[in-house]
Amino acid sequence: MDSAPLQDLDAAGFLRLWQHFDADDNGYIEGKELDNFFHHLLKTLGSESTITEERVRKVKEQFMSAYDVTADGRLQIQELANMILPEDENFLLLFRRETPLDNSVEFMRIWRQYDADCSGFISAGELRNFLQDLFRQHQKTISKAKLQEYTDTMMNLFDKNKDGRLDLNDLARILDLQENFLFQFKLDACSAEERKRDFEKIFAHYDVSKTGALEGPEVDGFVKDMMELVKPSISGPDLDKFRQILLRHCDVNKDGKIQKSELALCLGIKPSP
């Protein structure tokens, strides 16, 4: 791989660097990939004549202690970007939050907003609109050419099946959506009292608006997490199909919402008064 000064890296150069060292395309630079990266880093910084395994190890320890935020011994794409991209080129900083995105309701709100044609996918044009809005929210100006470059880079990085569009799972990776909230519960393997207590926690989590009913992205978030308990990754069209099934079975009064009592009835749980 050609060496280029890290301070000269742009989004496209970062993409090439990532794809080179994430050799198995699993979304992380780890193990031997990590050693190869730090060897390349030392070489790029002009230290080729003094590169030793010990030097690589020390540099790796130094950088990983500073940038491996998740402390899992491997680099995620955002962590690598923070390490080597100049701030004015680090478009991934747009996705950095003070707190992790840990609620699928907010995720689905974003999904519905930018899946403007309701196709169940985010097209390149819709992604460009998303990025443009992010720049505006951060009060940053960006040229049309640079916006297109970032859009193309994002599509190349996250469109895993290379069909020119992003699905639910692609956007979840971009936004660093945290682990499914429902993974902590085992509704089938506990007493009636425990199921009731867990139901109260679950409903409160998805009832973000605190209205006593799930609606809009609250229903979407609940459906997404429920379906992922049995199917690791679902598509946008899958989600829409399961959403209609849930509403058909649970929305007794046909108001387009799922009342707390309606969901409890569907799940065979008697809610608290």
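Going by an unreviewed UniProt entry, the protein chain carries the name Secretagogin and comes from Anolis carolinensis. The Subcellular location (unreviewed entry) comment attached to the protein chain in UniProt states, word for word, "Cytoplasm".

J.: Explain the overall build of the protein chain to me, using residue names and the numbers behind them.
T.: Summing up its helical and strand segments, the protein chain has 12 helices and four strands in all. Referenced to the eigenvectors of the C-alpha coordinate spread, the extents of the protein chain come out at roughly 75 × 45 × 30 Å. Looking at the protein chain as a whole, 44% of its 273 residues qualify as buried. If you take every contact in the protein chain between residues at least 6 apart in sequence, the share linking residues at least 24 apart comes to 57%.

J.: Summarise the layout of surface pockets; cite the residues concerned and give the values.
T.: Considered as a void within the structure, the largest pocket measures approximately 680 Å³ in volume. Contributing to the lining of the largest pocket are 30 residues, with Y28, N169, A172, R173 and L177 lying nearest its centre. Considering every element that reaches the lining of the largest pocket, the biggest residue donor is helix α8 (residues 168-174), with four residues. Its residues placed into classes, the lining of the largest pocket shows 11 nonpolar, 11 polar and eight charged.

J.: Could you give an account of the UniProt feature "domain: EF-hand" (unreviewed entry) in the protein chain, naming the residues involved and the relevant values?
T.: Cross-referencing UniProt, the feature "domain: EF-hand" (unreviewed entry) maps to residues 9-44, 102-137, 146-181, 194-229 and 237-273 in the present numbering. Overall, residues 146-181 shows 56% helix and 6% strand. The separation of its end C-alpha atoms is 36 Å. In residues 194-229, the share of helix is 69% and the share of strand is 6%. The end C-alpha atoms are 19 Å apart.

J.: Explain the state of the cysteines to me, and be specific about the residues and the numbers.
T.: Throughout the structure, instances matching the rule amount to one disulfide. The partner cysteine of C250 in its disulfide is C266, sulfur to sulfur 2.1 Å. A torsion of -140 degrees about the S-S bond marks the disulfide between C250 and C266 as left-handed. Of this pair, C250 sits in helix α11 (residues 236-250) while C266 sits in helix α12 (residues 260-267); the two residues are 16 residues apart in sequence, bridging distant segments of the chain. Here C266 falls in the partly exposed class, since its relative accessible area comes to 36%.

J.: Report on the side chain of D207, specifying residues and quantitative values.
T.: Considering the arrangement of structural elements, one finds D207 in the loop between α9 (192-206) and β3 (213-214). Put simply, D207 is tucked away with no salt bridge, and the nearest opposite charge, on K210, sits 5.8 Å away.

J.: For helix α6 (residues 124-137), give the residues involved together with the corresponding values.
T.: Taking 1.5 Å per residue as the helical rise, α6 with its 14 residues ought to reach 20 Å, and the 20 Å between its terminal C-alpha atoms agrees with that figure. Looking at the buried residues of α6, the elements they touch are α5 (104-114), β1 (122-123), α7 (144-158), β2 (165-166) and α8.

J.: Tell me what's going on with the environment of D255, and back it up with residues and numbers.
T.: Residue placement: D255 occurs in the loop between α11 and β4 (258-259). As a C-alpha pair, D255 and V208 span 47 residues in sequence and 18 Å in three-dimensional space. Of note is the side chain of D255, whose polar atom sits 2.9 Å from the backbone nitrogen of K257.

J.: Give me the pattern of salt bridges: which residues, what numbers.
T.: For the coordinates displayed, the defined rule picks out 19 salt bridges. For D170, the salt bridge goes to R173, with nearest N and O atoms at 2.5 Å. Taken together, the positions of D170 and R173, both in helix α8 and three residues apart, correspond to about one turn of that helix. Residue R173 is classed as partly exposed on the basis of its relative accessible area, which comes to 37%. In this structure, D238 engages K231 in a salt bridge whose closest nitrogen and oxygen atoms are separated by 3.0 Å. Judged by its relative accessible area of 17%, D238 falls in the buried class. Taken together, the shared-partner salt bridges connect E54, R57, K58 and E61 into one network.

The rules behind the values
Residues numbered from 1 in each chain as written. Predicted model: local features only at pLDDT ≥ 70, side-chain atom pairs only at ≥ 80, totals over all residues. Heavy atoms only, no water. UniProt positions renumbered as here; feature names shortened; annotations may be inferred. Helix = DSSP H or I, 4+ residues; strand = E, 2+ residues; numbered from the N terminus. Buried < 20%, exposed > 50% of the residue type's maximum accessible area, 1.4 Å probe, protein only. Contact = heavy atoms within 4.5 Å. 1 Å grid on protein atoms, 1.4 Å probe; cavity = no way out; pocket = protein on both sides within 12 Å on 5 of 7 lines; lining within 4 Å. Points joined across faces, edges and corners; volume = space filled by probe spheres on them. Nonpolar A, V, L, I, M, F, W, Y, C, P; charged D, E, K, R; others polar. Disulfide = S-S within 2.5 Å. Lys, Arg positive; Asp, Glu negative; His and termini not counted. Salt bridge = Lys/Arg side-chain N within 4 Å of Asp/Glu carboxyl O. Expected span 1.5 Å × (residues − 1). Polar contact = N/O pair within 3.5 Å; in protein donor to acceptor, adjacent residues only side chain to side chain.

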